[in-house]
Amino acid sequence: MSWIGRPIPRLEDPALLTGQGRFVADTAQGAAAVRFVRSPVARGRILGIDVPNDLPAGVRVITAADLADVRPIRPLLHRPDYVAIGQPALAATCVRHVGEPVAAVVAPGAAQAEDVAELVFVEIEPEEAVADLDLALAAGAPQVHAEAPGNLLIDGRLATEGFDAAVAAAAHLVEIEVCSRRQSAMPLEARAAHASFERATGRVTLTCSVQMPHMLRTAIADHLGMRESDLRVVAPDVGGAFGQKMSLFPEYLVLVWLARRLRGAVAWIEDRRENLTASAHGRDQRHRVRGAFAADGRLLALEGDLRCNVGAYSSYPVTCGVEPLMALAELPGPYDVRHYRARARGVATNTCMMAPYRGVSRPVITLAMERLMDCAADRLGLDPVELRRRNLVRAFPYRSATGLLFDEGSYLDCLERAAATVDLPAFRARQAAARAAGRFLGVGFCVFSERTGYGTPAFAARGMEIAPGYERVEIAMDPSGNLEARIGASPHGQGLATTLAQLIADELGVEPAQIRIAHGDTDRTPYGWGTFASRSLVIAGGACKLAAAALRDRLARLAGHLLEADPGDVEFADGRARVRGTDLSIELATLARQAYHQSHRFGDAHDPYLAAHATYDPAGTFSNATHAAIVEVDPETGHVAIERFLVVEDAGVLINPMIADGQVHGGVAQGIAHALFEEIVYDDEGNILTASLADYLPPTCAEIPPIEVQHLVTESDATLTRAKGLGEGGAIGAPAAVLNAIADALKPFGVGVFEMPATPQRLRALIRTAQAGEVP
Amino acid sequence: MKPAAFAYHAPRSLDEALALLAEHADEGRLLAGGQSLVPAMNFRLARPAVLIDINRIAALDFLGEADGWLRIGALTRHLAFERPVAAGPLATLLPQVAWHVAHLPIRVRGTFAGSLAHADPAAEWSLVAATLAAEIVALSRAGERTLPADGFFRTAFTTALRPDELIAEVRLPLLGEDWRCGFAEFSRRKGDFALAMALAAVRLEDERIAAARLGVGGVEHRPRRIEAAEALLLGESARPEVLAAAADAVAAALEPVEDIHASAEYRRDLARVMARRALEGALA
Amino acid sequence: MTEKVTLHINGVRYEAEVEPRRTLADAIRDDCGLTGTHLGCEHGVCGACTVLLDGRPVRSCLMFAVQAEDAEIRTVEGLADGDRLHPLQEAFWRHHGLQCGFCTPGFLMLAAGVLEADPEIGDAALRDALSSNLCRCTGYQNILKAVRAAAAEMRAWPSADR
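Residues numbered from 1 in each chain as written. Chains lettered and ligands numbered in written order. Predicted model: local features only at pLDDT ≥ 70, side-chain atom pairs only at ≥ 80, totals over all residues.

**Quick notes on the overall build of chain B**
Piece 1. When its secondary structure is counted, chain B shows 9 helices and 14 strands.
Piece 2. A compact globule built from 284 residues would reach a C-alpha radius of gyration of about 19 Å, and chain B, at 19 Å, matches this within 12%.
Piece 3. Along the first, second and third principal axes, the C-alpha set of chain B runs to 60 × 45 × 30 Å.
Piece 4. Taking all 284 residues of chain B together, 58% fall into the buried category.
Piece 5. Sequence-distant contacts in chain B: of pairs separated by 6 or more residues, those separated by 24 or more amount to 63%. (Helix = DSSP H or I, 4+ residues; strand = E, 2+ residues; numbered from the N terminus. Rg over C-alpha atoms; globule rule 2.2 N^0.38 Å. Buried ≥ 20, exposed ≤ 12 C-beta atoms within 10 Å, placed from the backbone. Contact = placed C-beta atoms within 7 Å.)

**A few points about the overall build of chain A**
Piece 1. A tally of regular secondary structure across chain A gives 19 helices and 29 strands.
Piece 2. Radius of gyration (C-alpha) of chain A: 27 Å, near the 28 Å computed for a compact globule of 776 residues.
Piece 3. Dimensions along the principal axes, computed over C-alpha positions, put chain A at roughly 100 × 75 × 50 Å.
Piece 4. Per-residue burial over chain A gives 61% buried out of 776 residues.
Piece 5. The contacts in chain A between residues at least 6 apart in sequence include a share of 80% that link residues at least 24 apart.

**Describing the sheet that holds strand β24 (residues 585-587) of chain A**
All names here are of chain A.
Piece 1. Pairing within the open sheet is antiparallel, and its 3 strands lie in the order β22-β23-β24. Single-partner strands in this sheet number two, and they are β22 (570-573) and β24. Each adjacent strand pair in this sheet contributes to an overall mean axis angle of 20 degrees, direction not counted.
Piece 2. The strands touched by helix α16 (residues 588-597) are β23 (576-579) and β24; relative to β24, the strand with the most contacts, the crossing angle is about 75 degrees. (Pairing = 2+ DSSP bridges. Axes fitted to C-alpha atoms, helices over the stretch in contact; angles between N-to-C directions.)

**So, the interface of chain B and chain A**
Piece 1. Counting from both sides, the interface comprises 15 residues of chain B and, opposite them, 22 residues of chain A.
Piece 2. Considering every element that reaches the side of chain B that touches chain A, the biggest residue donor is helix α9 (residues 264-283) of chain B, with 4 residues.
Piece 3. Of the residues belonging to the side of chain B that touches chain A, the class tally is 8 nonpolar, 2 polar and 5 charged. (Nonpolar A, V, L, I, M, F, W, Y, C, P; charged D, E, K, R; others polar.)

**Remarks on the packing of helix α5 (residues 213-224) of chain A against helix α6 (residues 250-262) of chain A**
Residue and element names in this part refer to chain A.
Piece 1. It is the contact of α5 with α6, at a shortest axis distance of 10 Å, that shows an interaxial angle of 70 degrees. Taken as axis vectors, α5 and α6 run roughly perpendicular relative to one another. Handedness of the α5/α6 crossing: right-handed. Here α5 contributes Leu-216, Ile-220, His-223 and Leu-224 to the contact with α6, which in turn contributes Tyr-252, Leu-253, Val-256 and Trp-257. (Parallel < 35°, antiparallel > 145°, perpendicular 65-115°, else oblique. Left-handed = near helix turned anticlockwise from the far one by under 90°.)

**Details of unusual backbone geometry**
Residue and element names in this part refer to chain A.
Piece 1. Cis geometry is adopted by the peptide bond preceding Pro-397, which originates at Phe-396 and carries an omega value of -5 degrees.
Piece 2. You can see Pro-397 is positioned in the loop between α10 (384-391) and β16 (398-399).
Piece 3. Residue Pro-757 is bonded to the preceding Met-756 through a cis peptide linkage, with omega at 5 degrees.
Piece 4. Mapped onto the secondary structure, Pro-757 falls in the loop between β29 (755-756) and α19 (760-774).
Piece 5. If you check the backbone angles, Arg-263 has positive phi at about 50 degrees while not being a glycine.
Piece 6. Inspection of the secondary structure puts Arg-263 in the loop between α6 and β12 (265-269).
Piece 7. In this structure, Arg-283 is a non-glycine residue whose phi angle is positive, near 65 degrees.

**Things to note about the environment of C:Glu17**
Residues and elements named next belong to chain C.
Piece 1. Looking at where Glu-17 falls in the secondary structure, it is placed in strand β2 (residues 12-18).
Piece 2. Its 10 C-beta neighbours within 10 Å are what place Glu-17 among the exposed residues.
Piece 3. Sequence spacing of Glu-17 and Leu-110 is 93 residues, and the spatial spacing of their C-alpha atoms is 28 Å.
Piece 4. Here Glu-17 is in contact with Thr-2 and Lys-4, once residues within four sequence places are set aside.

**Observations concerning the interface of chain C and chain A**
Piece 1. Counting from both sides, the interface comprises 44 residues of chain C and, opposite them, 40 residues of chain A.
Piece 2. Of all the elements in the fold, those that place two or more residues in the side of chain C that touches chain A are α2 (87-94), α3 (104-117), α4 (123-130) and α5 (141-155) of chain C.

**Section: the sheet that holds strand β25 (residues 611-616) of chain A**
Residues and elements named next belong to chain A.
Piece 1. Read across the open sheet, the 4 strands follow the order β21-β20-β19-β25; overall the sheet is mixed. Two strands lie at the open edges of the sheet, namely β21 (515-518) and β25, each paired on one side alone. Averaged over all neighbouring strand pairs, the angle between strand axes comes to 15 degrees, with direction disregarded.
Piece 2. As judged from the 5 bridges shared by strand β19 (residues 471-477) and strand β20 (residues 483-487), these two strands associate in the antiparallel manner.

**Some remarks on the packing of α2(C) against α5(C)**
Residues and elements named next belong to chain C.
Piece 1. The interhelical angle for the contact between α2 and α5, taken along N-to-C directions, is 140 degrees, at an axis separation of 8 Å. Relative to α5, α2 is oriented oblique. Crossing angle aside, the handedness with which α2 passes α5 is right-handed. In contact with Pro-87, Leu-88, Ala-91 and Phe-92 of α2, α5 contributes Ala-146, Val-147, Ala-149, Ala-150, Glu-153 and Met-154.
Piece 2. Looking at side-chain class alone, the contact of α2 with α5 contains 9 nonpolar, no polar and 1 charged residues.

**As for the confidence of the model for chain B**
Piece 1. Mean pLDDT over chain B stands at 97; residues scoring 70 or higher make up 100%.
Piece 2. The complex model carries a pTM of 0.98, and its ipTM stands at 0.97. (pLDDT = per-residue confidence, 0-100.)

**With respect to helix α8 (residues 322-330) of chain A**
Piece 1. Most of α8(A) sits inside the fold, with 9 of its 9 residues counted as buried.
Piece 2. The secondary structure elements touched by the buried residues of α8(A) are β7 (152-159), β13 (285-293), β14 (299-311), β15 (339-348), α9 (362-380) and β18 (440-452) of chain A.

**What to know about the environment of C:Leu130**
Piece 1. Position of C:Leu130 among the secondary structure elements: in helix α4.
Piece 2. By the C-beta count within 10 Å, which is 23 here, C:Leu130 ends up buried.
Piece 3. On a C-alpha basis, the gap between C:Leu130 and C:Val114 in space is 8.6 Å, while along the polypeptide they are 16 residues apart.
Piece 4. Leaving out residues up to four positions away in the same chain, C:Leu130 has contacts with A:Cys701, C:Leu110, C:Ala111, C:Ile143, C:Leu144 and C:Val147.

**Section: helix α17 (residues 657-677) of chain A**
Piece 1. Taking 1.5 Å of rise per residue, 21 residues should cover 30 Å, and α17(A) covers 29 Å from first to last C-alpha, within 8% of that figure.
Piece 2. α17(A) sits mainly inside the fold: 19 of its 21 residues count as buried. (Expected span 1.5 Å × (residues − 1).)

**Quick word on the pairing of strand β5 (residues 101-107) of chain A**
All names here are of chain A.
Piece 1. For β5, a buried count of 7 out of 7 residues is recorded, marking the element as mostly surrounded by other parts of the structure.
Piece 2. Sheet topology places strand β1 (residues 32-38) next to β5; 6 bridges connect them, and they run antiparallel. Within β5, the residue paired with Val-34 across the bridge is Val-106.
Piece 3. Inspection of the sheet shows strand β3 (residues 60-63) paired to β5 by 4 bridges, in the antiparallel sense. Across the sheet, residue Ile-62 finds its bridge partner in β5, namely Ala-104.

In structure tokens, the structure reads:
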């Protein structure tokens, strides 16, 4: 019986359910506390830093002057349209955003460190700052970095041949501009790090809430000029990340530097205010898109002006190119459009830096495309579902206008299933009746494809100096017949210890509970890239399958030897190796014991260590989905209630459907948050106005509706497991579905809804303006 | 986000508490439920040098009807109001309002009187007190003062309490069976502070409004009754246009505050709608 | 300046020397070593630090340890009966009510307090009560499912077990 496809409870849960989880803060007992002194202004010159000279015992303060040997963080893209900029570990001469670290206090306890931090006076001469994307692009705007004139950090362009002719031939041109306000991934556990120096070896162990432990080890060693072998990075239980914990942050450089300098242990547990102010933000984007449609509704050409506010610095290693370049490459989405022209800019401002957040640019470019589709349907007098039907990619493999290769998918089927499930004709009747009674219901669809599980070619194509992608897995059977798979991926809530065990269990005929997945420790695991970009199940999963198959072949040879059978006739099930068509078999535990302790029986060629390894580096695959939302808008208050939310998605073979549904649920909730609730707000001077959870508003269970999930299964051969990634899809599709539904509900008012979050205040303002216009 | 250091006192008697309060009037703060004060201290926005914790004073923990009042002791938690605690219209009104007060764990600790003393303009109980003409019993070593809710709320986070006074009790008038109440609130999420809310209490005689109280909170620096709107209701029947006119009068009378969640214009819109809905709730 | 406090957590007596400013959450974690109670915001919004104080769910980041001396405190570490998981823990496991697990202890204690106070709680009231805490991973779907399942399970208990 196969373990693949079974919704087994997760192997990682018992510890987390009983309070035995080990998050960074749980490991920091006895370490000195570090508190960062941060810039209170968005832009200015540092005139001096006044450290009290009567510091209590055990307290010290460090500034940039102490860190002269630490290299600034300066990630590279090998592209002529990219400007590399540096970020110091601690600001030395100037500050570029509120919250930028300027000094670090070390004290025996966290409260005391905070007491001292309040006494460190940083004298800054404020300068005019710029926080807004379009203001930063305007002529004469303050320059965030001298080396980046016009605040342009990246300026990517693409155009297909014959674009202008295609536009000229179009019957309809539809142009919209969408705006996504800035978000925080806001993992419930903020960032945290504990750096401990071991005197005996001179090594530092950095226990850190991160998604990419191996990359972090290399990066810190590089920046501190230390031997990489002197650093161990451990990602213990990680309390959510969603992209925010991928980057090399200045704080981690300071922590390791301090542990080495003090020859001791230091811990920094980020508080929520710091997390909202100074970790990383995302999705602060405005996109103008123009669709050229034929009279029958076919999209002939697409044009985009894609602008991303990437903040004051460039996140390492993905760089500030991650949002604009993804937008540039993936704007056309699931639609068959042959002509495309776009410009994608990454714009520096005096705000917290951008880092990937679940879906990166796709929630916003999908909003742009899906609002465009609805607006075009309106213009053409077509049903929005019908317009999509006429434009979706149907034949696979499909090479997109930007050169992406779409593997087999079910774009049309997902749309049809969603439309049928919400019963569109019945809804339209209900909507009409409700309108007559003064209530405003709307339905919105969102169709998208989600590029997932991509290896090094995709990152290299972006010109990344550090091009992630492959994953290596090392699997070993111990003399008791139990297994350990050591992976370079670094799960933090995705249930990978369970799903990878399910994959391996099927290869070796054992139970998942016999398999331990070792991850998140650079001393214990092979070099790998970590967990992000909807990749781990596909890539680490493929590597697990390969490694387990290699181990199985070795075990088959050993079993064949002992059972005097052809290894090709040995199969594995129920913890035994059996010779097909006979009653000969041997328990794996016995086989393993023999291999290790009776190794002489297997001849000279026998390597007693029962291990195998494999590396997998796929080109990538596209999962796809349709989301549908039904909402009711209260035009008097602007309040939006989501009555129904449906996801029909296709991520290929589901290894554990319960975990897959959980990923969809969580993504959709973050997508609804993006559509309606969450927004990081800066004022004109670059002060952040949403530095607490009183003002930054993640939804609770009272705001998130029941989420219905249906799965279609396209077995694409783009991946070894026939599984596609799905970690980001929920967050990608939900915003556009919700905004399209709001726009549909508000159609009687004649307003356009193009900005998210579509807060009650914004919707009410649109309605108020529309109603005022009607007054004679 | 650890609070600044403070000295802590946990008096067991009222006399002891009042003595401490007199001694530390300038740098001391009372700690009751702490659900607003402690977050402010964790952010170091509040940094009292002395904290006087009144949670151990049994004499302040009471709730009951007497002489036409609902008497609410200083230690009565929000949670107590989730179930009916008074006869008449308050039996349904108070649970309805309590449901809007933050979330369960906050309601377990936070107190009614503490909410009034904190005087957040968007706090539900302050609106209830202001609209229903509560009395606030303030105690100090100098004696007892009974303060009408009208005038108690000076501006945001500022009350008529003197630094050496504590609220020993809040008295809500028990409304007669012929009064009817309605409450409406708009907030971003469940449990958030109101962007606007309204409380209506009306008494009908022969299908006509004989008495009306209409209060609005979350819109200005303090909750208050809107007399101009109340006047429009008197003598009228509960026709939609009457309620709409009163709601318009509410909107016209307000000078709304602005923040990132609501412009003045939006708050005015919301206040109008909440006022009308509160009246509709009362008169349904 | 520190004071000696005695805390009663999960039936065990702990003594600690703390400053008055030590929050209950920090005392539980750092002075009593019970790190299952998590800190997600330290201003009372996220609920990761929710514990039961005399049977009621409270934010342990919004109380000082010195205030909790006379109280019976329960944390996630005290929920299971030895190796036997509490029905809420079982249900969260079976229904995938957790992903990263950081909010889980707070949700478990919140739900335990809610269901112990009102085993017959209706769905709307349950949803309202659970809206007290934030989860960033699950979209709340399976948390609600798990708590409903646990409620049914707990109602089936003999009342002496409650």
